[in-house]
Amino acid sequence: LNVDSIIRSGIKKYPQEIGKLWIDLAEYYVRLGQFEKARDIYNEAINTITSVKDFGIIFDSFARFEENIITMKMQQMDDDNDEQSKQD
């Protein structure tokens, strides 16, 4: 099942849902743990959409994605520091 091509065909067929479909595609890659691919999808979406409404919902989702990535990395650093402290 090629989820990417299915959602992309929906983007072409259903312009009234374009913003949501781009977000769904990016979130699909997030769930797979492919964060760089998700980031590429968000960038592609921002560069191809034409309405302010779609830009707004995609940008908000992209910002939340980046915030979650930063939070995850900070947590990882805290965990690494805790582990380092236990070893000392």
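Along each chain, the written sequence defines residue order, and numbers are assigned to residues from 1. The model is predicted, so local features are restricted to residues of pLDDT at least 70 and side-chain atom pairs to those at 80 or more, both for listing and for counting; the totals for chains, interfaces and linings are taken over all residues. Water and hydrogen atoms play no part in the side-chain values, which are based on all heavy atoms of the structure.

Peer 1: Just to check I follow, could you spell out the overall build of the protein chain for this structure?
Peer 2: Helix and strand counts for the protein chain come out as four helices and zero strands. Under the DSSP-based scheme used, a helix requires at least four consecutive residues in state H or I and a strand at least two consecutive residues in state E, with every element numbered from the N terminus. In sequence order, the secondary structure elements of the protein chain are arranged as α-α-α-α. All radius of gyration figures rest on C-alpha atoms, and the globule criterion is 2.2 Å times the number of residues raised to 0.38. On C-alpha atoms alone, the protein chain measures out to a radius of gyration of 17 Å, which is more than a quarter above the 12 Å that the 2.2 N^0.38 rule sets for 88 residues. The principal-axis extent of the C-alpha atoms belonging to the protein chain is close to 60 × 30 × 15 Å. Burial statistics for the protein chain: of 88 residues in total, 28% are counted as buried. Contacts in the protein chain between residues at least 24 apart in sequence constitute 42% of all its contacts with a sequence separation of at least 6. Here, Shrake-Rupley sampling with a 1.4 Å probe gives the accessible areas, and only protein chains in the shown set may cover a residue. Accessible area for the protein chain stands at about 6400 Å²; split by element, carbon and sulfur atoms hold 54% of it. Side-chain charges of the protein chain comprise 11 positive and 17 negative groups, with the mean position of each set lying 10 Å from the other. A 1.4 Å probe rolled over the protein chains alone gives each residue an accessible area, and that area as a share of the maximum for its type sets the label: buried under 20%, exposed over 50%, partly exposed in between. Any two residues having at least one pair of non-hydrogen atoms within 4.5 Å are treated as being in contact. Counted as positive: Lys and Arg. Counted as negative: Asp and Glu, with His and the chain ends omitted from the count. For the purpose of locating charges, the reference atoms are NZ of Lys, CZ of Arg, CG of Asp and CD of Glu.

Peer 1: Looking at this model, I keep getting lost on helix α4 (residues 52-87). Mind explaining?
Peer 2: Three- or four-residue spacings in an α-helix give side chains the same orientation, since the helix completes a turn every 3.6 residues. Multiplying one less than the number of residues by 1.5 Å gives the expected span of a helix. The terminal C-alpha atoms of α4 lie 52 Å apart, and with 36 residues this matches the ideal 52 Å at 1.5 Å per residue to within 8%. Of the surrounding secondary structure, the elements contacted by the buried residues of α4 are α2 (18-31) and α3 (35-48).

Peer 1: In this structure, what is going on with the nonpolar core? I would like to understand it.
Peer 2: One broad trend across soluble globular proteins is that nonpolar side chains are buried collectively. Grouped together as the largest cluster of nonpolar side chains are 19 residues, with contacts concentrated most on Trp22, Tyr42 and Ile58. Those elements that provide at least two residues to this core are α1 (3-13), α2, α3 and α4. Among the elements that take part in this core, α2 stands out by supplying seven residues, more than any other. Setting aside anything within four residues of it in sequence, one finds isoleucine 58 in contact with Gly19, Trp22, Ile23, Tyr42, Ala45, Ile46 and Ile49. Among the buried residues, those of types Ala, Val, Leu, Ile, Met, Phe, Trp, Tyr and Cys that are joined through side-chain atoms within 4.5 Å form a nonpolar core.

Peer 1: How should α1 be read in this particular structure?
Peer 2: Residues of α1 that are buried include every one of Val3, Asp4, Ile7, Gly10 and Ile11, and no others. The buried residues of α1 occupy an angular sector of 130° when the element is viewed end-on, so they sit on one face. Of the exposed residues in α1, the ones pointing more than 90 degrees away from its buried face are Lys12 and Lys13. For α1, the secondary structure elements touched by its buried residues are α2 and α3. Along the arc lie the directions from the helix axis toward the C-beta atoms.

Peer 1: Would you mind going over the pattern of salt bridges with me for this structure?
Peer 2: Note that side chains of opposite charge can pair when their charged atoms are close. Here, a salt bridge means any Lys or Arg side-chain nitrogen found within 4 Å of an Asp or Glu carboxyl oxygen. Under the counting rule described, the total for this entry stands at six salt bridges. Here aspartate 4 and arginine 8 are joined by a salt bridge, their closest N and O atoms 2.7 Å apart. Remark: arginine 8 and aspartate 4 occur in helix α1; sequence separation between them is four residues, near one turn of the helix. Among the salt bridges present, the one from lysine 20 reaches aspartate 24, with a minimum N-O distance of 3.1 Å.

Peer 1: Whenever I open this one, the packing of aromatic side chains confuses me. Can you help?
Peer 2: The description of an aromatic ring pair rests on the distance of the ring centres and on the angle between the ring planes. Note on aromatic contacts: the rings of Phe and Tyr and the six-membered ring of Trp form a pair at centre separations within 6.5 Å, being stacked when their planes are under 30 degrees apart, edge-to-face when over 60 apart, and tilted otherwise. Scanning the entire structure with this criterion turns up five aromatic pairs. Taken together, a centroid distance of 4.9 Å and an interplanar angle of 10° make the contact between tyrosine 42 and phenylalanine 62 stacked. Highlighted residues: tyrosine 42 in helix α3 and phenylalanine 62 in helix α4, separated in sequence by 20 residues. Look at tyrosine 42 and you get buried, because its relative accessible area is 2%. The class for phenylalanine 62 is buried, based on a relative accessible area of 11%. Aromatic side chains tyrosine 42 and phenylalanine 65 sit 5.5 Å apart centroid to centroid with 40° between the ring planes, which places their arrangement in the tilted category.

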